[in-house]
Amino acid sequence: MIQASNVVKLFDSHTALERVTLAIGSGCIYGLVGTNGSGKSTLLRLIAGVYSPNEGGITLDGAPVFENPEAKKRIFFVSDDLYFQPQAALGDMAEFYRAAYPGWSEERYAHLCEMFPIGTKRKLSTFSKGMRRQAALILALSAQPDYLLLDEAFDGLDPVIRFAVRKIIADMIAERNSTVIISSHNLRELEDFCDRIGLLHRGSLLLECAIDQIQIGFSKVQAVFQPMRGEADLGGIRVLSREQKGSVATFVCQAGEQEALAAVNALGPVLAEAVPLTLEEVFIYEMEAVGYDYSKVIF
């Protein structure tokens, strides 16, 4: 288990993380989302033992991660800003990680090199962004870590490669009960893939829960009115968003599904139904609640 307890991280006078506490268990795919500069990459580097917290602690199965070689053998961190040794080819990096990770699998490495034929002898510095990302993922998955940390893991990958990598990660978790933490701006991708989600904003953890619980407290209702009554009051329920297109009105409410649907039905629509909220929509409304302009967020 990864445990972060009241973690504070400062860079000079800037507070990157402010009292972050969370626990991530084995066999979990954990999605880390947030605004630009919210602290996602900093948190991943703390978990990987790259940084030391100014206050609080990060532990791996009860042991501190920072300056702990045994713990780091169980963690593989793929940074958003990829780094490879100068002049290295994929084969050179494989030799490096083969010595560093006791769980390294030659069979998996050979399979992944065949699956993603980017070449093992060509210098990585000549690769495109997507090919460099593939190389990093080949190395990470071949190392078979207990904890895989991916910062913007699928950035630069085409849809076919994204699908293949997701399947390989899912298979690894099933085989080894590994834990994967993914930081991403692609909320739709995380929604379909993750078990739990954590929402960071300005260094604080605003929301942390199972993915199937994320919509609790929010609801979306679509209704057909003749004549239109979409601007009518919903009896005290807070309406976060209201949109009208012809005779169809869409309400996003801070209320349970049944409560919101009953309030809309009280207006006498021809038809009304509740529809699922996406993770992206929940993210936007949570950000609006703390005064963040969601138009600045890149999805």
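Starting afresh in each chain, residues are numbered from 1 along the sequence in its written order. Restriction of local features to residues with pLDDT of at least 70 applies here, the model being predicted, together with a cutoff of 80 or more for giving and counting side-chain atom pairs; totals for whole chains, interfaces and linings are based on all residues. Excluding hydrogens and water, the side-chain values take into account all heavy atoms of the structure.

### Comments concerning the nonpolar core
And step 1. As used in this record, nonpolar core signifies buried Ala, Val, Leu, Ile, Met, Phe, Trp, Tyr and Cys residues forming a set joined through side-chain atoms within 4.5 Å. For the exposure calls, accessible area comes from a 1.4 Å probe over protein chains only, and a residue counts as buried if that area is under 20% of its type's maximum, exposed if over 50%, partly exposed in between. Residues F76, L90, L139, L150 and I182 are the most contacted members of the largest nonpolar core, which totals 60 residues.
And step 2. Here the element with the most residues in this core is helix 5 (residues 129–143); it accounts for 8 residues.
And step 3. By definition in these notes, contact holds between two residues if any of their heavy atoms fall within 4.5 Å. For L150, the residues in contact, after removing those within four places along its chain, are L44, V78, L137, I169, V180, I181, I182 and S183.
And step 4. L17, L44, L46 and L149 belong to the second-largest nonpolar core, a separate cluster that totals 25 residues. Think of it this way: any DSSP run of H or I at least four residues long counts as a helix, any run of E at least two long counts as a strand, and we number them from the N terminus.

### Side note on helix 4 (residues 106–115)
And step 1. Here helix 4 has its buried residues at R108, Y109, L112 and C113. Each buried residue of helix 4 sits inside an arc of 130° when the element is viewed along its axis, so together they form one side. Opposite the buried face of helix 4, by more than 90 degrees, sit the exposed residues E107 and E114.
And step 2. Packed against the buried residues of helix 4 are helix 3 (90–100), helix 5 and helix 6 (159–176). The arc under discussion is defined with respect to the helix axis, by the directions toward the C-beta atoms.

### Quick word on the side chain of S79
And step 1. Among the structural elements, S79 can be located in the loop between strand 6 (75–78) and helix 3.
And step 2. Judged by relative accessible area, S79 falls into the buried class, the value being 12%.
And step 3. A polar side-chain atom of S79 sits 3.0 Å from a polar atom in the side chain of R45.
And step 4. Identification of polar contacts relies on pairs of N or O atoms within 3.5 Å, with a donor-acceptor requirement for protein atoms, meaning one able to donate a hydrogen and the other able to accept it, and with residues adjacent in sequence counted only if both atoms are side-chain atoms. At 3.1 Å, the side chain of S79 and the backbone nitrogen of D81 are in polar contact.
And step 5. The contact partners of S79, leaving out residues within four places of it in the chain, are R45, R133 and D151.

### Overview of the pairing of strand 4 (residues 55–60)
And step 1. Should DSSP find at least two bridges between two strands, the strands are regarded as paired. In terms of strand pairing, strand 1 (residues 2–11) meets strand 4 through 5 bridges, oriented antiparallel. Residue pairing for strand 4: A4 is matched across the bridge by I58.
And step 2. A loop of 2 residues connects strand 4 with strand 5 (residues 63–64), the two strands running antiparallel in sequence, and D61 in this loop sits at a positive phi of about 50°.

### What to know about the state of the cysteines
And step 1. For the purposes of this analysis, a disulfide is any pair of cysteine sulfur atoms at a distance within 2.5 Å. This structure, assessed with the given rule, holds 0 disulfides.
And step 2. Here C194 is not disulfide-linked; the sulfur of C28 is the nearest cysteine sulfur, at 7.9 Å.
And step 3. By relative accessible area, which is 5% here, C194 ends up buried.
And step 4. There is no disulfide at C209, and the cysteine sulfur nearest it, in C28, is 12 Å away.

Keep in mind that these numbers describe shape and distance, not what the molecule does.
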